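Inside the fold
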Amino acid sequence: MPVEVRLPTLLRPAAGGTTTVTAEGSTIGEVLRNLVGAHPGLAGQVLTEKGALHRFVNVYVNDDDVRYLEQLETPVTDGDEISILPAVAGG
Amino acid sequence: MTVARSVLDLIGNTPMVDVSSLSPNPAVRILVKLEGQNPGGSVKDRIALSMVEAAEKEGLLHPGSILIEPTSGNTGIGLALVCRAKGYHLKVVLPENVSSERSQLLEIFGAEIIWSPGSEGSNGAVRMAQQVAADHPDWVFLYQYGNPANPRAHTEGTGPEIWQDCPEVTHFVAGLGTSGTLLGVGHYLKDRNPDVEVWAVEPPAGEMVDGLRNLDDGYIPPIFTDLGGPDLLDRKTIIGPRLSIEWTRKLAEIGIFAGLSTGAALAGAARCAESIETGVIVIVSADGGWKYLSSGAWTGDLDAAAEEAKKKIYF
């Protein structure tokens, strides 16, 4: 099932320059792997070589950080909004 | 009522108030701990005092010592207050896009402001402070993001206060900045009752992320990793400025004048309340509304106020 993934500014050049891209998958892991497959420039930026989430990347499904849901196994259903954001400081 | 010898003795022991009338689930109570009641006006007075006292114990501070700290405002204001009371000089690195009330309060308490680019957000302030501290090894860099005295202020203060006032707490919800409040209170409450859930609320990274040149400019506070933040948190959710302002306004309607991050925490609590059958949610109100009056958050059109908030750092 195709879902829309919102990219941060600094990852857009590697994905054709657009704000959102479409990728297939029924889990976050599948969506991200397919995303990197379609845009090889994103390799190593979103997922590490071992396939884990990049340390400084947060991925959200409908505003919830997937690290605190089921991580890469977090299910994705039709209409879900996925966004990728770099980790930044608050305080 | 006793008379305090110093304003610093008034830090902590803040009141908690029931705001369950705003809960979307009648079987879920929501309580707010009002950290705006601290003398410097925010929860950060606690960590300011805790970090300065820890540095004093280590012999790092002497009369007239100079301290440097990156801050989006509240930690700086708390530190400025503590430094004034104790006779130290404070320099803060502050992003340009904080509300004018924050910089004014810092100046009232005698802090010197070093401005960092607004487009780089708190990350930029942290980087600049690290550079300035490296250039001035005689200055004391407390570094709230990596100082264990930050979460300790909450393990020894905020957490026990919440437990004393509300041992029936089932969920704790607070904003994620340095992560000190969430870690300190979270660890304390889970030690008392492992079933307590800890939810973090964060603002959307928004425009400040546009200033990042590459992912490795990203930043995770060292205390978050060192103190097991990823294992401690049960949920982390983004609340945008519009929703934050909506809930800040709802609080005002019941007579509670709180800052915008309190609205975000309350919106997170509402999301939590909708997802559980029954429970008692405690949230931290990091500060009062005073420093945000210039943002127009309570007056006028909600969309315009939300647009204005997007340009500012309010956590």
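Rules and cut-offs
- Residues numbered from 1 in each chain as written.
- Chains lettered and ligands numbered in written order.
- Predicted model: local features only at pLDDT ≥ 70, side-chain atom pairs only at ≥ 80, totals over all residues.
- Heavy atoms only, no water.
- 1 Å grid on protein atoms, 1.4 Å probe; cavity = no way out; pocket = protein on both sides within 12 Å on 5 of 7 lines; lining within 4 Å.
- Points joined across faces, edges and corners; volume = space filled by probe spheres on them.
- Helix = DSSP H or I, 4+ residues; strand = E, 2+ residues; numbered from the N terminus.
- Nonpolar A, V, L, I, M, F, W, Y, C, P; charged D, E, K, R; others polar.
- Domains from an automatic or database assignment.
- Contact = heavy atoms within 4.5 Å.
- Buried area = accessible area lost by both parts, 1.4 Å probe.
- Salt bridge = Lys/Arg side-chain N within 4 Å of Asp/Glu carboxyl O.
- Expected span 1.5 Å × (residues − 1).
- Buried < 20%, exposed > 50% of the residue type's maximum accessible area, 1.4 Å probe, protein only.
- Pairing = 2+ DSSP bridges.
- Polar contact = N/O pair within 3.5 Å; in protein donor to acceptor, adjacent residues only side chain to side chain.
- Arc of directions from axis to C-beta.

1. Some remarks on the layout of surface pockets
All names here are of chain B. Its boundaries defined by the atoms lining it, the second largest pocket holds a volume of some 260 Å³. Lining the second largest pocket are 14 residues; nearest its centre among them are Arg 46, Ser 50, Glu 53, Ala 153 and Glu 156. The set of elements that each furnish at least two residues to the lining of the second largest pocket consists of helix H1 (44–57) and helix H5 (149–165). Among the elements that make up the lining of the second largest pocket, the one with the highest residue count is H1 (six residues). Here the lining of the second largest pocket is built from residues that sort into four nonpolar, four polar and six charged. Domain assignment of the residues forming the lining of the second largest pocket places at least three in each of domain 1 (7–42 + 153–311) and domain 2 (44–141).

2. Comments concerning the interface of chain A and chain B
Across the contact, 23 residues belong to chain A and 34 residues belong to chain B. Roughly 2,400 Å² is buried in total at the junction of chain A and chain B, and carbon and sulfur atoms are behind 58% of that figure. Inspection of the region where chain A meets chain B yields two salt bridges. Linking A:Asp64 and B:Arg235 is a salt bridge whose minimum nitrogen-to-oxygen distance equals 2.7 Å.

3. Topic: helix H2 (residues 74–86) of chain B
Residue and element names in this part refer to chain B. The terminal C-alpha atoms of H2 lie 18 Å apart, and with 13 residues this matches the ideal 18 Å at 1.5 Å per residue to within 8%. The buried fraction of H2 is high, at 10 of 13 residues. Looking at H2, one finds that the buried residues are Asn 74, Thr 75, Gly 76, Ile 77, Gly 78, Leu 79, Ala 80, Leu 81, Val 82 and Cys 83. Buried residues along H2 sit in contact with H1, strand S3 (66–70), strand S4 (89–95) and helix H3 (100–108).

4. As for the pairing of strand S7 (residues 171–175) of chain B
All names here are of chain B. For S7, the buried fraction is high: four of the five residues fall into the buried class. Judged from the five bridges that link them, S7 and strand S8 (residues 197–202) form a sheet pairing that is parallel. Within S8, the residue paired with Gly 175 across the bridge is Val 201. Bridge count between S7 and strand S10 (residues 279–285): three bridges; the pairing is parallel. Bridge pairing in S10 links His 171 to Ile 281.

5. A look at the domain arrangement of chain B
All names here are of chain B. Per the domain assignment, the segments making up chain B are domain 1 (7–42 + 153–311) and domain 2 (44–141). The centre of domain 1, based on its C-alpha atoms, is set 23 Å off from the matching centre of domain 2. Every contact between the two is made by 34 residues of domain 1 and, on the other side, 25 residues of domain 2. Taken over both partners, the interface formed by domain 1 and domain 2 buries close to 2,200 Å², and the fraction arising from carbon and sulfur atoms is 53%. For the pair domain 1 and domain 2, the number of links is two salt bridges. On the surface where domain 1 and domain 2 come into contact, there are 13 residue pairs in polar contact (both at pLDDT 80 or more). Residue contributions to the side of domain 1 that touches domain 2 peak at five residues, all from H5. In terms of residue class, the side of domain 1 that touches domain 2 is made up of 11 nonpolar, 14 polar and nine charged.

6. Describing the side chain of B:Asn25
All names here are of chain B. With respect to the helices, strands and loops of the structure, Asn 25 is situated in the loop between strand S1 (16–18) and strand S2 (28–34). Reaching out from Asn 25, the side chain makes a polar contact with the backbone oxygen of Glu 277 at a distance of 3.3 Å. Contacts of Asn 25, omitting those with residues within four sequence positions, involve Ala 273, Ile 276 and Glu 277.

7. Regarding helix H11 (residues 302–310) of chain B
Residues and elements named next belong to chain B. If you check which residues of H11 are buried, you get Leu 302, Ala 305, Ala 306 and Ala 309. The buried side chains of H11 occupy one side of the element, clustering within an arc of 100 degrees when seen end-on. For H11, the secondary structure elements touched by its buried residues are helix H9 (241–253) and helix H10 (260–275). Taking the backbone nitrogen of Asp 303 as reference, a side-chain oxygen 3.3 Å away marks Asp 301 as the first, capping residue of H11.

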